[in-house]
Amino acid sequence: MTGVQTCALPICFPVTIAGAGYPLPSGIVLSNASRMVKITWKNTSTTLKGTGSFKIYGGTDSSSLTLLKTISDNDSSFIDSNKISSKTYYYRLKSVDADGVESDFTKAYAIKVSSHVYVSTSGKETAFGSELDPFATFNQAGRYRDWETDRKSTRLNSSHRL
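The rules we used
Residues numbered from 1 in each chain as written. Predicted model: local features only at pLDDT ≥ 70, side-chain atom pairs only at ≥ 80, totals over all residues. Heavy atoms only, no water. Helix = DSSP H or I, 4+ residues; strand = E, 2+ residues; numbered from the N terminus. Buried < 20%, exposed > 50% of the residue type's maximum accessible area, 1.4 Å probe, protein only. Contact = heavy atoms within 4.5 Å. Areas by Shrake-Rupley, 256 points an atom, 1.4 Å probe, with all protein chains shown as cover. Phe/Tyr/Trp six-rings, centres within 6.5 Å; stacked < 30°, edge-to-face > 60°. Lys NZ or Arg CZ within 6 Å of the ring centre and 35° of its normal. Pairing = 2+ DSSP bridges. Axes fitted to C-alpha atoms, helices over the stretch in contact; angles between N-to-C directions.

J.: Could you give me a rundown of the overall build of the protein chain, with the residues and numbers involved?
T.: Of regular secondary structure, the protein chain possesses two helices and nine strands. Out of the 162 residues in the protein chain, the part that is buried amounts to 40%. Contacts spanning at least 24 positions in sequence make up 51% of the contacts within the protein chain whose residues lie at least 6 apart. Accessible surface, the protein chain as shown: approximately 9600 Å² in total, 50% of it carbon and sulfur.

Structure (structure tokens):
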């Protein structure tokens, strides 16, 4: 955290404390649908919200992740699309305070990607289509389904509900 001062009279100077920047997000959850990964989290800061950002890193090797995107701390989710089915992807986040001080990484989170889309009577039209956040109708699921990749010749009928 920048801005902390240490004084040895008559001289004061700023001190940077490693890893003490903006707090890390909590409650990180990964879900997938139709070759996309959705990462959701909770911003643990209430007093600093709107002053920092989150850096999202990802890749197929947990030891060499690349920066995917830096987003505002007002956001609490990110969608990584065009993933390869049956591959495992890893993600880690960092938080950054208003002075640019970065936190340490979160632990690594992993998810195996599928091309499936989930539909349930308890789902909703604005859902992601994952097992944790299913669509309410086949029509909604059909808009996100990658038919060429799955090589299926039939389409979902919009008049059916599960």
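Following the structure, the description resumes.
J.: Would you mind going over the packing of aromatic side chains in detail, with residue names and values included?
T.: For the coordinates displayed, the defined rule picks out two aromatic pairs. Between Trp41 and Phe54, the ring centres sit 5.6 Å apart and the planes meet at 70°, which makes this aromatic pair edge-to-face. Pair noted here: Trp41 is in strand S4 (residues 36-42) and Phe54 is in strand S5 (residues 53-59), with a separation of 13 residues, a long-range link. Across the pair, exposure class does not vary: Trp41 and Phe54 are buried alike. Their ring planes at 75° and their centres at 5.0 Å tell us that Tyr57 and Phe105 sit as a pair that is edge-to-face. Pair noted here: Tyr57 is in strand S5 and Phe105 is in the loop between strand S8 (88-96) and strand S9 (109-112), with a separation of 48 residues, a long-range link. Above the face of the Phe105 ring, Lys94 is positioned so that its terminal group lies 4.5 Å from the ring centre.

J.: I'd love a proper account of the sheet that holds strand S7 (residues 77-80), names of residues and values included.
T.: Read from one edge to the other, the open sheet built from three strands follows the order S3-S4-S7, with strand pairing classed as antiparallel. One side of each edge strand has no neighbouring strand; the edge strands of this open sheet are strand S3 (26-33) and S7. Taking each pair of neighbouring strands and ignoring which way they run, the sheet shows an average axis angle of 15°. Pairing geometry for S3 and S4, over six bridges, is antiparallel. Residue pairing across strands places Ser26 opposite Lys42, the latter belonging to S4.

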